[in-house]
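One letter stands for each residue in the lines below.
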Amino acid sequence: MDSGLIGRRRTLFALHKVQSVVIKQSLLQRRRKLADLVVHLAGRTLTVPFVPLGAAEDAAAWMLYRAETDPRPWL
């Protein structure tokens, strides 16, 4: 979700289509225990910046668990 002074944008995606989840940290983020959560989908990449590190790790584990255990076909 992007938010600014004027508006917001929310992006919804199907969890069973997640290809990979990456947690990135810059030096500043490491010092403040923050991270960027990057979700790779088939045709898109979603980035959620400045998430607390523990929450980013939990979200990544949860998304990958849901993607791997979903019985629906990928296509």
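Before reading on, note that the structure itself is shown above.
Residues numbered from 1 in each chain as written. Predicted model: local features only at pLDDT ≥ 70, side-chain atom pairs only at ≥ 80, totals over all residues. Heavy atoms only, no water.

1. Describing the nonpolar core
Core analysis: the biggest nonpolar cluster contains nine residues, these being V18, V21, L37, V39, L41, L46, A60, M63 and A67. No other element matches helix α2 (residues 53–69), which puts three residues into this core. Excluding its chain neighbours within four sequence positions, the residues that come into contact with L41 are F13, K17, V18, Q19 and L46. (Core = buried A, V, L, I, M, F, W, Y, C linked by side-chain atoms within 4.5 Å. Buried < 20%, exposed > 50% of the residue type's maximum accessible area, 1.4 Å probe, protein only. Helix = DSSP H or I, 4+ residues; strand = E, 2+ residues; numbered from the N terminus. Contact = heavy atoms within 4.5 Å.)

2. Section: the pairing of strand β4 (residues 34–40)
Counting buried residues along β4, five of its seven residues qualify, which places the element largely inside the surrounding structure. Here β4 folds back onto strand β5 (residues 45–52) in antiparallel fashion, the turn holding four residues. (Pairing = 2+ DSSP bridges.)

3. Structural notes on the pattern of salt bridges
All told, the structure shown has one salt bridge when counted by the stated rule. As a salt-bridge pair, D70 and R72 come within 2.7 Å of each other at their nearest N and O atoms. (Salt bridge = Lys/Arg side-chain N within 4 Å of Asp/Glu carboxyl O.)

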